[in-house]
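An overview of the molecular structure
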Amino acid sequence: MENEPLIRLGCFFGILVLMGLWEAIAPRRQPRQSKPKRWFSNLGIVILNTLILRAVFPLAAVGVAAIAVEQGWGLFNVLSLPTWQAITLSFLALDFIIYLQHVMFHALPTLWRLHKVHHADLDFDVTTGLRFHPLEILLSMGIKIIAIVLLGAPVLAVILFEIILNGTAMFNHGNVNVPQALDRLLRAVVVTPDMHRVHHSVIPSETNSNFGFNLPWWDYLLGTYQAQPAASHENMTIGLTEYQKTPEVEQLHWMLALPFWKGTGNRE
């Protein structure tokens, strides 16, 4: 656990660089906005979120998991399960909770105000998967911590979940061209860029589909899956209708202020 921050940081930068190279070599769509400006703002909010998280939740998810194990809190610290079963079930439960959280952030107007920062991006690439308002990040961590304590999730399960979720979020937001045959195979086990891109459409019925960040199974089972956008992936419009002519959406100060603007709780 002592090396966990370094491991996560190394995985983050490694995946970010690999996805950035893949996007440069084989992009799925042509960008609409200035990439340097977008990346500066989207990565800037990541740095800000990291600093705020460390200040508010110094132990973070992994530290809370260690305390829960030490104190014997939670379901899997009470049940006598083999370690591999506890890790597997914890991973699946945490992923399902993140799915439900995502649905909730779309369904409740107050939470949608925060989540709109993610959806307002006019392009869709690896940095979109990192673009979240600090208040949403704090709420998400709070929900995750409560889930970890109630589950009694093993420390290794939490470390794996955090690394894999972060990696798949960057992967499935990638502006990368995945061959259709490979995409169909991958969708059996992971959310692909083509699958998640539908979720960033301006069409509300598409925005309210494909909520999974990591595993696609919850969308299949609960009826929120949509295979393809009404328009092609190349021609679909990314973002939110009300901000299509608002270039400020790619500026960091705009992202931070968006939830507090009058009327931003309305769904278009």
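Just so it is clear, the structure is predicted and the values come from calculations on it, not from any experiment.

Here we come to the overall build of the protein. Broken down by element type, the protein carries 13 helices and zero strands. Counting helices and strands in the order they occur from the N terminus, the protein gives α-α-α-α-α-α-α-α-α-α-α-α-α. Taken over C-alpha atoms, the radius of gyration comes to 18 Å for the protein, in line with the 18 Å a tight globule of 268 residues would show. Dimensions of the protein along its principal axes, counting C-alpha atoms only, are 55 × 40 × 35 Å. Burial statistics for the protein: of 268 residues in total, 51% are counted as buried. Summarising the internal contacts of the protein: among those between residues at least 6 apart in sequence, 76% fall at separations of at least 24. Roughly 12,500 Å² of accessible area belongs to the protein as shown, and the carbon and sulfur atoms make up 70% of that amount. Across the protein, the centroid of the 18 positively charged side chains sits 6 Å from that of the 19 negatively charged ones.

What follows concerns the packing of aromatic side chains. The final tally for this structure, using the stated rule, is 10 aromatic pairs. A ring pair is formed by Tyr-243 and Trp-254, whose centres lie 5.2 Å apart and whose planes are at 85°; its orientation type is edge-to-face. Taken as a pair, Tyr-243 in the loop between α12 (217-222) and α13 (252-257) and Trp-254 in helix α13 lie far apart in primary sequence, 11 residues in all. This pair shows no difference in class: Tyr-243 is buried, exactly as Trp-254 is. Each member of the aromatic cluster is reached from another via a ring pair, and the members are Phe-96, Tyr-99, Phe-211 and Trp-218.

Below, the discussion takes up the side chain of His-106. Here His-106 is to be found in helix α5 (residues 83-107). Its relative accessible area of 3% is what places His-106 among the buried residues. Here the side chain of His-106 touches His-119 through a polar contact of 3.2 Å, side chain to side chain. Engagement of the side chain of His-106 in a polar contact is seen with the side chain of His-199, the distance being 3.2 Å.

Criteria and thresholds
- Residues numbered from 1 in each chain as written.
- Predicted model: local features only at pLDDT ≥ 70, side-chain atom pairs only at ≥ 80, totals over all residues.
- Heavy atoms only, no water.
- Helix = DSSP H or I, 4+ residues; strand = E, 2+ residues; numbered from the N terminus.
- Rg over C-alpha atoms; globule rule 2.2 N^0.38 Å.
- Buried < 20%, exposed > 50% of the residue type's maximum accessible area, 1.4 Å probe, protein only.
- Contact = heavy atoms within 4.5 Å.
- Areas by Shrake-Rupley, 256 points an atom, 1.4 Å probe, with all protein chains shown as cover.
- Lys, Arg positive; Asp, Glu negative; His and termini not counted.
- Charge placed at Lys NZ, Arg CZ, Asp CG, Glu CD.
- Phe/Tyr/Trp six-rings, centres within 6.5 Å; stacked < 30°, edge-to-face > 60°.
- Polar contact = N/O pair within 3.5 Å; in protein donor to acceptor, adjacent residues only side chain to side chain.

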